[in-house]
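Architecture and fold: a report
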Amino acid sequence: MTKDKNHYDVIIIGSGPAGYTAAIYCGRANLKTLVLEGTQRGGQLMITTDVENFPGFPEGIAGPDLMEQFRKQAERFGAELITKDAEEAVLTKGRPFRVGTSAEKYTSDTVIVATGATARFLGIPSEENFKGKGVSACATCDGFFFKEKEVAVVGGGDSAMEEALFLTKFATKVHIFHRRDFFRASKIMTDRAKEHPKIEIHTFKVIDEIYGDEKTGAVAGVKLKDLQNNSIADFPIQGIFVAIGHDPNTKLFEGQLDLDENKYIYTKCGKSATGIDGVFAAGDVKDSYYRQAITAAGSGAMAAIEAERYLETLH
Ligand code: NAP
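Residues numbered from 1 in each chain as written. Predicted model: local features only at pLDDT ≥ 70, side-chain atom pairs only at ≥ 80, totals over all residues. Heavy atoms only, no water.

Re the layout of surface pockets
How we decide: Cavities and pockets are found on a 1 Å grid laid over the protein atoms alone: a cavity is a set of points where a 1.4 Å probe fits but cannot escape, a pocket is an open set with protein on both sides within 12 Å along at least five of seven lines, and a lining residue has an atom within 4 Å of such a point. Grid points are joined across faces, edges and corners, and a volume is the space filled by probe spheres set on the points. Any residue that is not Ala, Val, Leu, Ile, Met, Phe, Trp, Tyr, Cys, Pro, Asp, Glu, Lys or Arg is counted as polar, Gly included; the first ten are nonpolar and the last four charged.
A volume near 240 Å³ is recorded for the second largest pocket. Around the second largest pocket sit G270, K271, G283, K286, D287, S288, Y289, Y290, T295, S299 and M302, which together line it. Across the lining of the second largest pocket, the residue classes tally to 3 nonpolar, 5 polar and 3 charged.

Shown next as C-alpha cells:
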C-alpha cells in the first residue's frame, strides 16, 4: 500500500447517519479513513426537527444535535473529515480509486458511497420563480418566516405531516394538499396532523400554478386543482412547503455503478457491495424503502465491516 498522505484505506463520500456510522466503524477498525462530508454536512437530519424514533433518546433529540454527536464520535476514532463536495470519482478503473474535491485529489483502496437523497420539488415553472419567496422544501429552515401567515404543505408522507406540525408553531393555519385520500405517513403522524386544530387536510388536490403579489414578489396564492372534477380554484396562501419525497444523489456515479430505475445504487442482496470490487454503498442512496436514520446508520456499519473484510483480502 502506498504511503502517499492523500491515500486512504477508505474514502467515505457523504455525512448523514450512514456516512458517519461507517466512519466510526472504519476509525475503530484502525483504517485510515477520509470522510468527504459535502459542503452541507450532516444530511437530511440537519433539516429535521425532533427525531423521536432513534433508539437511545427516550425524550427525542433535534436532528442537527444528533448529527453533531455522530460527527464527534467519528472524529474521536480518527476519521479525517473534510467539509467539501466530492466533485469527481473514478471507480471503474479499480484500485486505487480516485476521488477529488475542487481543492484536492485523493486515492483509496475502498470507497463507501453514502451520499443520501435530496428533497423533490413539484417541477411546475412558477415554483422556481418563488423559491426563497414563499416556496420551500424545509420548514425547519424557513418556518420562522411565516409567523402569523397561512401556509400549505404538499404531500401525504411522514415528511408532510412533520412539516405541517412544525409549521403550526408559526403559522395561523396550515393546509395539507394531498393528491389522493390514502396517506403514506405513519398512522401516529397522520392522526397528529388530523387532530391538530390549526391543520386542515385537503385530499385529491394538486397545485396547478403558484402566483405572487405584484408589489412584494412573494407568493400570494395557488391555483388549486381538484382531481375529482378537474376544477381549478384560487387558494390564497403565503407559503408553500413541498414535502413529496426524495431523489438519490447518484449523479457522480452514473455510468459507473449499477443504478435501479429510480437511480438508487443497486447493491448485492442484503449487502453493501456494489458491482465494483472495493466500492460499497450505504444509507438512503441505496435504500428507497426504509429511509430511516436508524436503518441508514445500520447500513453504514454494514458497509464499513464489508470494506474492512475486503481490505483484509488484499494483504
Ligand atoms: P414519501 O413517504 O415517499 O411520501 C411522499 C408523498 O408525496 C406521498 O404522499 C406522495 O403521494 C406525494 N407526492 C409525490 N410526488 C408528488 C407530486 N409530484 N405531487 C404531489 N404529491 C406528490 O416521502 P417522505 O414523506 O419524504 O418520507 C420518506 C421516508 O422518510 C419515509 O420512510 C418516512 O417514513 C420517513 N420519514 C420519517 C419521519 C419520522 O419518522 N419522523 C419524518 C420524515 C420522513 P402518493 O402517496 O400519492 O404517492
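As for the domain arrangement of the protein chain
Buried accessible area, meaning the area lost when the parts come together, often serves as the stated size of an interface. Short version of the rule: Boundaries of every domain are those given by an automatic assignment or by a domain database. Only heavy atoms matter for contacts: two residues are in contact if any of them lie within 4.5 Å across the pair. Put simply, buried area is how much 1.4 Å-probe accessible surface two parts lose in total, over both of them, once they are put together. The salt bridge definition used is simple: a Lys or Arg side-chain nitrogen within 4 Å of an Asp or Glu carboxyl oxygen. What qualifies as a polar contact is a pair of N or O atoms within 3.5 Å, subject to a donor-acceptor requirement within protein and to the restriction that residues adjacent in sequence count only when both atoms come from side chains.
For the protein chain, the assigned domains read domain 1 (7-118 + 246-313) and domain 2 (121-242). Relative placement of domain 1 and domain 2: their C-alpha centres are 32 Å apart. Between domain 1 and domain 2, the residue contacts involve 6 residues of the former and 7 residues of the latter. Surface buried jointly by domain 1 and domain 2 totals about 510 Å² across both partners, of which 51% is contributed by carbon and sulfur atoms. Applying the counting rule to domain 1 against domain 2 returns 1 salt bridge. Residues E52 and R192 are paired through a salt bridge, measuring 3.3 Å at the closest nitrogen-oxygen approach. At the junction of domain 1 with domain 2, the criterion picks out 1 residue pair in polar contact (both at pLDDT 80 or more). Broken down by class, the residue content of the side of domain 1 that touches domain 2 amounts to 1 nonpolar, 3 polar and 2 charged.

Examining the pattern of salt bridges
Put simply, the rule is: The numbering of helices and of strands both runs from the N terminus, where a helix is a DSSP run of H or I of at least 4 residues and a strand a run of E of at least 2. Three labels apply to residues, based on accessible area from a 1.4 Å probe with only protein chains included: buried if under 20% of the type maximum, exposed if over 50%, partly exposed otherwise in between.
Using the criterion set out here, one finds 12 salt bridges in the structure. Between R41 and E68 there is a salt bridge, with its nearest N and O atoms 3.7 Å apart. Linking R41 in the loop between β2 (33-36) and β3 (50-51) with E68 in helix α2 (residues 63-76), this pair joins segments that are 27 residues apart in sequence. Residue classification places R41 among the partly exposed residues on the basis of a relative accessible area of 29%. A salt bridge links D247 to R120, with the shortest nitrogen-to-oxygen separation between them at 3.1 Å. Remark: R120 occurs in the loop between β9 (117-119) and α3 (125-129) and D247 occurs in strand β18 (residues 246-248); sequence separation between them is 127 residues. The class of D247 is partly exposed, set by a relative accessible area of 36%. Its relative accessible area of 34% is what places R120 among the partly exposed residues.

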